[in-house]
Amino acid sequence: MTAAPYVPETRSLRVLADAVQACRGCELYRDTTQAVFGDGARRAATMVVGEQPGDREDLAGEPFVGPAGKVLDRALGDAGFDRRSVWLTNVVKHFAFRRQQGSKRRIHRKPGRTEIVACRPWLDAELRVVRPSLVVCLGATAAQALLGSSFRVSRRRGELITAELGEPPRSVDVVATVHPSAVLRSDDRKRAYAALVDDLRVARAAAG
Ligand code: SF4
């Protein structure tokens, strides 16, 4: 399974965003409303990468518009970023979920490795066109997809790392932190939020 045959050779993010709707690179397109491509500034110096669109994003067709997105917006602002100047995206472009038994409610499930690998050509296309100098990974799925499966966010969050990313590979600064949904799940939201902002401040300083 791979998205590769569906990714057009183009420098246009608009063309990529249209093309992703026809992707059948894995099974996730079934049962979803639409693919959710990245969004933001075309030549953003900073790319923020999450895991996958959630229920709200699937319905809206835009990344980070749900509750976690609101946390991210506030944290980016508190760290000194302007959300409009970054490119926001996910490693997987369709919503992975399971149905709650006896209900229509869609419960987020972590995308599998096969789905993450299948979807990677879309993220590589975004990296190729946007050409960020800094990538912020939100959560373990994004960090391990970009920095390797042995990467542990819990140990290395907030650390400035240089990595070869994209296809063809290019040297990029990377900072990994938790996904903003982890702040919402935390018993101590205030503290978890402050730690997220601290990590994003490292990224902001590296972005210059
Ligand atoms: S999740 Fe990615 S690879 Fe799978 S169908 Fe959607 S866009 Fe294609």
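For every chain, the first residue of the written sequence is number 1, and numbering continues from 1 along that sequence. In view of the model being predicted, local features appear only for residues whose pLDDT reaches at least 70, and side-chain atom pairs are presented and counted only at 80 or more, with totals across whole chains, interfaces and linings using the full set of residues. In computing side-chain properties, one takes all heavy atoms of the structure into account and sets aside hydrogens as well as water.

Trainee: Would you take a moment to explain the pattern of salt bridges for this structure?
Mentor: Pairing is possible between side chains of opposite charge, provided their charged atoms come close. A pairing counts as a salt bridge when a side-chain nitrogen of Lys or Arg comes within 4 Å of a carboxyl oxygen of Asp or Glu. Scanning all chains against the criterion turns up eleven salt bridges. We note a salt bridge from aspartate 55 to arginine 106, for which the minimum N-O separation is 2.8 Å. Placement of the pair is aspartate 55 in helix H2 (residues 55-60) and arginine 106 in strand S5 (residues 106-108), with a sequence separation of 51 residues. Only protein chains enter the calculation, and the probe is 1.4 Å; a residue is then buried if its accessible area is under 20% of its type maximum, exposed if over 50%, and partly exposed in between. Given a relative accessible area of 32%, aspartate 55 falls into the partly exposed group. Measuring nitrogen to oxygen at the nearest pair gives 2.4 Å for the salt bridge that ties arginine 83 to aspartate 73. Of this pair, arginine 83 sits in the loop between helix H3 (67-78) and strand S3 (86-90) while aspartate 73 sits in helix H3; the two residues are ten residues apart in sequence, bridging distant segments of the chain. Note on conventions: DSSP H or I runs of at least 4 residues are helices, E runs of at least 2 residues are strands, and numbering of each starts at the N terminus.

Trainee: Mind showing me how you'd approach the side chain of threonine 177 here?
Mentor: Its location among the elements puts threonine 177 in strand S8 (residues 170-177). One polar contact links threonine 177 to aspartate 199, side chain to side chain, over a distance of 2.6 Å. Two residues qualify as a contact provided that any one of their heavy atoms is within 4.5 Å of a heavy atom in the partner residue. The residues touching threonine 177, leaving out its near neighbours within four places in the chain, are Val136, Cys137, Leu138, Gly139, Val153, Arg157, Leu196 and Asp199. What qualifies as a polar contact is a pair of N or O atoms within 3.5 Å, subject to a donor-acceptor requirement within protein and to the restriction that residues adjacent in sequence count only when both atoms come from side chains.

Trainee: Would you mind showing me how to read the packing of aromatic side chains here?
Mentor: Any pair of aromatic rings gets described here by the distance separating the centres and the angle formed by the planes. The rule is short: rings of Phe, Tyr and Trp, with Trp giving its six-membered ring, pair when the centres are within 6.5 Å, and they are stacked under 30 degrees, edge-to-face over 60, tilted in between. Under the criterion given, the structure shown has three aromatic pairs. Taking the centre distance of 6.3 Å and the plane angle of 75 degrees together, the rings of phenylalanine 37 and tryptophan 87 count as edge-to-face. Placement of the pair is phenylalanine 37 in the loop between helix H1 (13-19) and strand S1 (39-40) and tryptophan 87 in strand S3, with a sequence separation of 50 residues. Tryptophan 87 shares its class with phenylalanine 37; the two are buried. Connected via pairs of aromatic rings, a cluster forms that spans Phe37, Trp87 and Trp122. Placement of a charge over a ring requires the Lys NZ or Arg CZ to be within 6 Å of the ring centre, with the centre-to-atom vector within 35 degrees of the ring normal. Here the basic side chain of arginine 24 rests over the ring of tyrosine 29, its NZ or CZ set 4.2 Å away from the ring centre.

Trainee: Honestly, the packing of H3 against helix H8 (residues 189-207) in this entry has me stumped. Any pointers?
Mentor: Axes here mean lines fitted to C-alpha atoms, for a helix over just the part in contact, with angles spanning 0 to 180 degrees between N-to-C directions. Two numbers describe how H3 lies on H8: the axes approach to 8 Å, and their chain directions differ by 50 degrees. If you check the angle between H3 and H8, you find them oblique. Judged by the sense of rotation from one axis to the other, the crossing of H3 with H8 is right-handed. Along the contact surface, H3 presents Val71, Arg74, Ala75, Leu76 and Asp78, while H8 presents Tyr193, Leu196, Val197, Leu200 and Arg201. Class assignment of the residues belonging to the contact of H3 with H8 gives a composition of seven nonpolar, no polar and three charged. Orientation categories follow fixed angle ranges, with anything under 35 degrees roughly parallel, anything over 145 roughly antiparallel, 65 to 115 roughly perpendicular, and all other angles oblique. Crossing handedness: left-handed means the near helix sits turned counterclockwise from the far one by under a right angle, and right-handed means the same turn made clockwise. Residues are grouped as follows: nonpolar covers Ala, Val, Leu, Ile, Met, Phe, Trp, Tyr, Cys and Pro; charged covers Asp, Glu, Lys and Arg; every other residue, Gly included, is treated as polar.

Trainee: Looking at this structure, I do not really get the environment of alanine 143. What am I missing?
Mentor: Among the structural elements, alanine 143 can be located in helix H5 (residues 140-147). Accessibility expressed as a relative area gives 0% for alanine 143, which makes it buried. With residues near it in sequence (within four places) discarded, alanine 143 still touches Cys137, Gly148, Phe151, Val153 and Ala176.

Trainee: Help me understand unusual backbone geometry, please; the structure alone is not making it clear to me.
Mentor: With the exception of glycine, most residues fall at negative phi, and the peptide bonds are largely trans. Of note, the bond from glutamate 167 into proline 168 is cis; its omega dihedral lies within 30 degrees of zero at 5 degrees. The residue proline 168 is located in the loop between strand S7 (160-165) and S8 in this model. Positive phi is not limited to glycine here, since phenylalanine 64 has a value of about 55 degrees. Counting through the fold element by element, phenylalanine 64 comes out in the loop between H2 and H3. A positive phi is found at arginine 131, a non-glycine position, where the angle reads about 50 degrees. Looking at the secondary structure, you find arginine 131 in the loop between helix H4 (113-130) and strand S6 (134-138). Residue classification places arginine 131 among the partly exposed positions, given a relative accessible area of 44%.

The values are spatial; any link to function lies outside them.
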